[in-house]
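Read off the chains here:
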Amino acid sequence: MGLPVVHRRPGRLLERPFSSLGWGEPTAAEFDDLFERMNRFLGAVGTEPSAGAWSPLADLHETDNAYVVEAELPGIERQDIDIEISDRELCITGEYKECEREGALRHSTRRTGHFEYRALLPTDLKAEKVTATLADGVLTVTVPKAQAAKPHHVEIAQA
């Protein structure tokens, strides 16, 4: 079985021939500009502070009155967790600090460093009534729904 043949075209998009497609220099220049802007955009996204962050395992469920997020954060202290809510977005951030050890660490599968969990909630919220508890390594954040967002049961009248 032979290896696949890879054909590489030299240079940037402007250097490639487009005569067979009927594209002139202006069209090729537009594509080249688009690729450059996309590269800059993707590069900017990668330099955000949360670029190296990991996301904890979490469940988001809805009750009649609230949204509840349960995030697994074992070994993380309360003071190392921040919870922010704005408009309809919940953001849980923090840092898991590596513990002090004697000797050389030979193998580790634990995550350390900055973490971030984001959830976009579908309705208006009561941001001033958000509560959070941390117990047994599970952070539970309860975000009450605004009154208008609560489901309202309508009884059907007998005709």
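What this report covers is the structure whose coordinates are included nearby. If you're wondering where the values come from, they're calculated on a predicted model, not measured in any experiment.

What counts as what
- Residues numbered from 1 in each chain as written.
- Predicted model: local features only at pLDDT ≥ 70, side-chain atom pairs only at ≥ 80, totals over all residues.
- Heavy atoms only, no water.
- Phe/Tyr/Trp six-rings, centres within 6.5 Å; stacked < 30°, edge-to-face > 60°.
- Helix = DSSP H or I, 4+ residues; strand = E, 2+ residues; numbered from the N terminus.
- Buried < 20%, exposed > 50% of the residue type's maximum accessible area, 1.4 Å probe, protein only.
- Lys NZ or Arg CZ within 6 Å of the ring centre and 35° of its normal.
- Pairing = 2+ DSSP bridges.

## Some thoughts on the packing of aromatic side chains
Taken as a whole and assessed by the stated rule, the structure comprises one aromatic pair. Ring geometry for W54 and F115: centres 5.5 Å apart, planes at 45 degrees, overall tilted. One end of the pair, W54, is in the loop between α1 (25–46) and β1 (58–62); the other, F115, is in strand β5 (residues 113–120), with 61 residues separating them in the sequence. In this structure W54 comes out as buried when scored by relative accessible area, which is 17%. Given a relative accessible area of 0%, F115 falls into the buried group. The cationic tip of K145 hangs over the ring face of Y67; the distance from NZ or CZ to the ring centre is 5.2 Å.

## Re the pairing of strand β2 (residues 66–72)
Successive side chains on a regular strand alternate, one facing one side of the sheet and the next facing the other. In terms of burial, β2 is a largely internal element, five of the seven residues being buried. One ladder, built from five bridges, connects β1 with β2; its direction is antiparallel. Residue E62 lies in a different strand from β2, and its bridge partner there is Y67. The hairpin formed by β1 and β2 contains three residues between the paired strands. In this sheet, strand β7 (residues 138–144) lies alongside β2 in antiparallel orientation, the contact comprising seven bridges. Within β7, the residue paired with A71 across the bridge is L139.

Interpretation in functional terms is not warranted from these geometric data alone.
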